[in-house]
Amino acid sequence: IVDSHVHLYPLAVSRDPVGWASGHQESLWSQLCTRRRNDGRAVQGFPTMAQLLFDMNEAGIRHAVLQGWYWENHASCLEHNKFYASCLQAYPSRFSAFATVHPAAGEAALDEVRRAKASGFSGLGELSPHAQKVPLDDPIWRKILKLAGDLRMPVNLHVTDPNSAAFPGRVDTPLADFITMARDFPQTQFILAHWGGGLAWAEEARDLPNVW
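Q: Is there a simple way to explain the overall build of the chain in this structure?
A: From N to C terminus, the chain includes eight helices and six strands. Mapped from its N terminus to its C terminus, the chain presents α and β elements in the order β-α-α-α-α-β-α-β-α-β-α-β-α-β. In summary, the chain has a C-alpha radius of gyration of 17 Å against a globular reference of 17 Å for 212 residues, a match within 12%. Considering only C-alpha atoms, the chain reaches an extent of 40 × 40 × 35 Å along its principal axes. Across the 212 residues that make up the chain, the buried fraction comes to 47%. Relative to all contacts within the chain whose residues are 6 or more apart in sequence, the contacts with residues 24 or more apart total 73%.

Q: What is the right way to look at the packing of aromatic side chains in this model?
A: Applying the stated criterion across every chain yields a total of 11 aromatic pairs. Aromatic pair Trp20 and Trp71: ring centres 5.2 Å apart, planes at 65 degrees, arrangement edge-to-face. Linking Trp20 in helix α2 (residues 17-23) with Trp71 in the loop between β2 (63-66) and α5 (74-90), this pair joins segments that are 51 residues apart in sequence. Residue classification places Trp20 among the buried residues on the basis of a relative accessible area of 7%. Measuring from centroid to centroid gives 6.3 Å for Tyr91 and Phe95, while their planes differ by 85 degrees, and the two rings are edge-to-face. By relative accessible area, which is 36% here, Tyr91 ends up partly exposed.

Q: Help me understand the environment of Asp177 in this model?
A: The residue Asp177 is located in helix α8 (residues 175-184) in this model. Along the sequence, Asp177 and Asp138 sit 39 residues apart, while their C-alpha atoms lie 13 Å from each other. Once residues within four sequence positions are removed from consideration, Asp177 is found in contact with His130 and Leu136.

Q: Is there a simple way to think about the sheet that holds strand β5 (residues 155-157) in this case?
A: Note: strands within a sheet are paired through backbone hydrogen bonds, in either parallel or antiparallel orientation. In spatial order, the strands read β1-β2-β3-β4-β5-β6; together these six strands make up an open sheet with parallel pairing. The open sheet has two edge strands with one neighbour each: β1 (2-6) and β6 (190-192). Strand-to-strand, the axes of this sheet are offset by a mean angle of 25 degrees, without reference to chain direction. By the bridge criterion, three bridges tie β2 to strand β3 (residues 95-99) in an arrangement that is parallel.

Q: What am I meant to see in the environment of His5 here?
A: In this structure, His5 sits in strand β1. When its relative accessible area of 25% is taken as the criterion, His5 is described as partly exposed. Taking the C-alpha atoms as reference points, His5 and Lys146, separated by 141 residues in sequence, lie 23 Å from one another. Ignoring sequence-local partners within four residues, the contact set of His5 consists of Val65, Gln67, Glu126, Asn156, Ala193 and His194. A polar contact of 3.1 Å, which involves the side chain of His5, links it to the side chain of His7.

Q: Even after reading the chapter, I still don't get helix α4 (residues 49-59), so can you show me in this structure?
A: The periodicity of an α-helix, 3.6 residues per turn, causes residues three or four places apart in sequence to face the same way. Restricting attention to buried positions, one finds in α4 the residues Met49, Leu52, Leu53 and Met56. With its buried residues spanning 100 degrees around the axis, α4 presents them on a single face. For α4, exposure combined with an orientation more than 90 degrees from the buried face picks out Ala50 and Glu58. Those residues of α4 that are buried are in contact with β1, β2, α5 and β3. One or two residues past the end of α4 sits Gly60, with phi positive at roughly 75 degrees.

Parameters at a glance
Residues numbered from 1 in each chain as written. Predicted model: local features only at pLDDT ≥ 70, side-chain atom pairs only at ≥ 80, totals over all residues. Heavy atoms only, no water. Helix = DSSP H or I, 4+ residues; strand = E, 2+ residues; numbered from the N terminus. Rg over C-alpha atoms; globule rule 2.2 N^0.38 Å. Buried < 20%, exposed > 50% of the residue type's maximum accessible area, 1.4 Å probe, protein only. Contact = heavy atoms within 4.5 Å. Phe/Tyr/Trp six-rings, centres within 6.5 Å; stacked < 30°, edge-to-face > 60°. Pairing = 2+ DSSP bridges. Axes fitted to C-alpha atoms, helices over the stretch in contact; angles between N-to-C directions. Polar contact = N/O pair within 3.5 Å; in protein donor to acceptor, adjacent residues only side chain to side chain. Arc of directions from axis to C-beta.

The structure is reproduced here in C-alpha cells:
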C-alpha cells in the first residue's frame, strides 16, 4: 500500500502550530490546520516522523508520499522543503516527497524547483495558486509549470469541491482553471487532490491525458 498524500511538518511547527503560523505570517494554514470537529477533536494531527512511521507500520502502509503545503511565504516553503529533504535522507525506502514553492519569490522559486529535483524530490505540491493568491497568468507560475514538465515532476494541486460546505479558510478553486492549466501545459502531469473537487466527472475533463 502506498499513501500518496501525507502532510508532515517540522517539529517546530507541530509543537506550536498557532504560534509558528503567527510568527511566519501563515494565517490561512493556521485557519485550516487548527480546526476542530463538532465534538472538539482536532481535524489535523501533527505526528513526528517516528510516529508517522509507527502508524504506517500499524496500518500496513509500505510507502508514503509527503506533500508540502501551499504556503503564503517563500521562507516557509524553504523550511518545509529542508525538512522533507531530511526525511528522504533518513528513510529513502519509506518516503517520497513533493516540494513546495511560491511564485512570488520570482526566479528563486525556479531555483528551488531545480534544487528539489537534484535532492531527490519526486514532484511539486501540494500547491494552490488560488490560496497563494497567484493569478494563472503570472509569468513565474507559468514557468514553474513548464519547468515541472521539463523535469518530469508531477504537480499536485489543491482543489476544493464547489459544492462543499463553508468552513474557516475555505478558498474557491474554479474547476475551469485546472482545465486551462492542463491544456496550456500538456507535458506536465497534474495530480488534482481531493478527487479534483468533482472535476473527475466533468465532461470537459475527459480528454485530458495529463490529469490524474
